[in-house]
Amino acid sequence: MTAPCPHLSHLADIIAGWERAEGITVLHAWLSDSGDWRAEWREGSGRLTDTHRGGENHLKVSRLLADIKEALKGRDDAITHIARPGPASLRAW
């Protein structure tokens, strides 16, 4: 699925909001084998951009992951991976 699918547009808004607030670019988030959510993101600008990974206890993405989990509650389909292939797109499976 890709945004602006009505079911995922709220999720895209949540991610975009946290990107602005934290100064990051989310590459993807996924449900790990241990059952916790993890994320990979870019931080910085220009040539000083670094890629980071963290989970539900990481200061930079813990609230983002909590909001993602809340947004996915009660859905009929089990989404376990969210990818951002571009700034205006969102894929979830």
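Calculation notes
Residues numbered from 1 in each chain as written. Predicted model: local features only at pLDDT ≥ 70, side-chain atom pairs only at ≥ 80, totals over all residues. Heavy atoms only, no water. Salt bridge = Lys/Arg side-chain N within 4 Å of Asp/Glu carboxyl O. Helix = DSSP H or I, 4+ residues; strand = E, 2+ residues; numbered from the N terminus. Buried < 20%, exposed > 50% of the residue type's maximum accessible area, 1.4 Å probe, protein only. Contact = heavy atoms within 4.5 Å. Polar contact = N/O pair within 3.5 Å; in protein donor to acceptor, adjacent residues only side chain to side chain.

Student: Where do I start with the pattern of salt bridges in this structure?
Tutor: When charged atoms on two side chains of opposite charge get close, those side chains can pair. Tallying each qualifying case throughout the model produces seven salt bridges. Of the charged contacts in the structure, one is a salt bridge between Glu22 and Arg63, with a shortest N-O distance of 2.9 Å. Of the two residues, Glu22 sits in helix α1 (residues 6-22) while Arg63 sits in helix α2 (residues 62-72), which places them 41 residues apart along the sequence. A salt bridge links Lys69 to Glu56; the nearest nitrogen and oxygen atoms lie 3.1 Å apart. Linking Lys69 in helix α2 with Glu56 in the loop between β3 (50-55) and α2, this pair joins segments that are 13 residues apart in sequence. On the basis of relative accessibility, which here comes to 36%, the residue Lys69 falls in the partly exposed class.

Student: Even after reading the chapter, I still don't get the environment of Glu40, so can you show me in this structure?
Tutor: Along the polypeptide, Glu40 turns up in strand β2 (residues 37-43). Accessibility expressed as a relative area gives 16% for Glu40, which makes it buried. Taking the C-alpha atoms as reference points, Glu40 and Ala29, separated by eleven residues in sequence, lie 6.4 Å from one another. In this view, Glu40 contacts Thr25, Val26, Leu27, His28, Trp30, Thr51, His52 and Arg53; residues no more than four positions away in its chain are not counted. At 3.1 Å, the side chain of Glu40 and the side chain of Arg53 are in polar contact.

In short, the description is geometric, and any link to function would need to be established separately.
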